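Notes for the structure review
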Amino acid sequence: MPEAVIVSAVRSPIGRAVKGSLASARPDDITAQMIRAALDKIPELDPVDLDDLLLGCGLPGGEQGYNMARNVAIALGYDALPGTTVTRYCSSSLQTTRMAFHAIRSGEGHAFVSAGVETVSRFFKGNSDSIPDTRNPLYSDAERRTRQIAEGALHWTDPRVDGLIPDTYISMGQTAENVAQLTGISREEQDRWAVRSQNRAEYATKAGHFAREISSITLPDGSVVSDDDGPRFGTTYDKVRELRPVFRPEGSVTAGNSCPLNDGAAALIIVSDIKAKELGLTPLARIVSTGVSGLSPEIMGLGPVEASRKALALAGKTVSDVDLFEINEAFAVQVVGSARELGIDEDRLNVSGGAIALGHPFGMTGARITASLINNLQTYDKEIGLETMCVGGGQGMAMIIERMS
């Protein structure tokens, strides 16, 4: 059975939404630039030999609408390259990697692009009417359930009251507050994790760590962006603890211990080990296994727990076998809660910071974390890595990779 190996991995700088460095860039343009950069790293692979372009996007509408992957293929000049745009919200481009992994393992192809993009700036454009309303009025009672949970009158494990179900995409901040209530993780613990993320990202940035995974973006005006907007140098606990809760007056989730809204793109080139050997390519990493899971939307932040367990079981490994972990930092509380439930040693987790500092462009994040995890495995001379994330709507996803170079 062929193995799926990653032979190239790049990401763009991550911009803050609306007022950030990438706000003027279209999603298809920055995606095309990242795919071109990823392919340029491996000139041995003729793009004609690519089987498919798989593109993850969390919010596929507006400029991110239609089948953006096909638009990107045409923009790159690859008329014969098919493309599909996939959404699994926060893990969209981890899903595309999973699709490439499965296709290669089944023998249905030898070379794939797995990319991800999100330009929140361009999707919303300051117009809240662009946000889709997924609530079915016949069934949904999200606001009442969320209020009852907040007031302690209803626990998330209770059966659906009155036969009603919640809106799948309730406020992500409210789900974080639910996780805090369920796990008992304090505001101080969340803030200290946020400071850790910022401080580690600052150190990694100054050390040139992220420069090894970032490919610059050229904007429409010809200017070039090479650095992340997000990391706040000099962040201290005293600064973060002053911020007020955002989602509940007496809550613990703040702008400081949550990820911001962002723009960015990333691309991986995934081929079979047969193709890599044929072309003389040295793989960066082998995809070992993936896992996906579902859970109550009200506590979506704990999605990494079961997804990671599934990926570990399929790989025949335990948490102790993994050298480095990456849990996407949608909120500090869900990272801390998931890590503790899994028994992860925090010294091996998000060693160069995470999305609280760097940002979380939804569709980009899966591929971005893969690039960052490979970079960390190389930097610290480690072998096995696990990336995982919670997914809006009540899901989790995970992947295990083995470093090869």
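We now turn to the structure provided with this report. Because the structure is a prediction, the values reported are computed rather than measured.

What about the pattern of salt bridges?
Considering all chains together, one arrives at 17 salt bridges under this definition. Here R36 makes a salt bridge to D40, at a shortest N to O gap of 3.4 Å. With a gap of four residues between them, R36 and D40 both fall in helix α1 (residues 27-40), about one helical turn apart. Looking at R36, the relative accessible area reads 31%, which means it is partly exposed. When salt bridges with common partners are traced through the structure, they connect E3, R105, R286 and E402 into a single cluster.

Re the nonpolar core
The biggest cluster of nonpolar side chains holds 45 residues, and the ones touching the most others in it are A9, I270, I287, I374 and I401. Counting residues per element, this core draws most heavily on helix α13 (residues 362-379), at eight residues. Ignoring any residue separated from it by four or fewer positions in sequence, one finds I287 in contact with E3, A4, I6, T97, F101, I270, M399, I400 and I401. In this structure, I35, A73, A115 and A276 belong to the second largest nonpolar core, which totals 38 residues.

Concerning the pairing of strand β9 (residues 285-294)
Extensive coverage of β9 is indicated by the burial of eight of its ten residues. Note that strand β1 (residues 4-11) and β9 share two bridges and pair antiparallel. Residue pairing for β9: V5 is matched across the bridge by R286. Relative to strand β12 (residues 395-403), β9 runs antiparallel, the two being bridged by nine bridges. Among the inter-strand pairings, V292 is bridged to a residue of β12, identified as M397.

Quick word on helix α6 (residues 172-183)
For α6, which comprises twelve residues, the first-to-last C-alpha distance of 17 Å matches the rise-based estimate of 16 Å (1.5 Å per residue) to within 8%. Taken across its twelve residues, α6 has nine buried, putting it largely inside the fold. Residues of α6 that are buried include every one of M172, G173, Q174, T175, A176, E177, N178, V179 and A180, and no others. Within two residues after α6, G184 carries a phi angle of roughly 80°, on the positive side.

Let's talk about the pairing of strand β4 (residues 83-86)
Direction of pairing for strand β3 (residues 52-56) relative to β4: parallel, over a ladder of four bridges. Bridge assignment links L53 to a residue of β4, and that residue is G83. Following the chain from β3 across helix α2 (residues 68-75) to the adjacent parallel β4, one finds a crossover that is right-handed.

With respect to the packing of aromatic side chains
Aromatic rings in a pair are described by how distant their centres are and how their planes are angled relative to each other. Overall, the coordinates contain two aromatic pairs when judged by the stated rule. With 5.8 Å between their ring centres and 70° between their planes, Y89 and Y169 make a pair best called edge-to-face. In this pair, Y89 is assigned in the loop between β4 and α3 (92-105) and Y169 in the loop between α5 (142-150) and α6, connecting sequence segments 80 residues apart. Relative accessible area serves as the criterion here: at 16%, Y89 is assigned to the buried category. Taking relative accessible area as the criterion, Y169 reaches 41% and is therefore assigned partly exposed.

What counts as what
Residues numbered from 1 in each chain as written. Predicted model: local features only at pLDDT ≥ 70, side-chain atom pairs only at ≥ 80, totals over all residues. Heavy atoms only, no water. Salt bridge = Lys/Arg side-chain N within 4 Å of Asp/Glu carboxyl O. Helix = DSSP H or I, 4+ residues; strand = E, 2+ residues; numbered from the N terminus. Buried < 20%, exposed > 50% of the residue type's maximum accessible area, 1.4 Å probe, protein only. Core = buried A, V, L, I, M, F, W, Y, C linked by side-chain atoms within 4.5 Å. Contact = heavy atoms within 4.5 Å. Pairing = 2+ DSSP bridges. Expected span 1.5 Å × (residues − 1). Right-handed = clockwise from strand over helix to strand, strands pointing away. Phe/Tyr/Trp six-rings, centres within 6.5 Å; stacked < 30°, edge-to-face > 60°.

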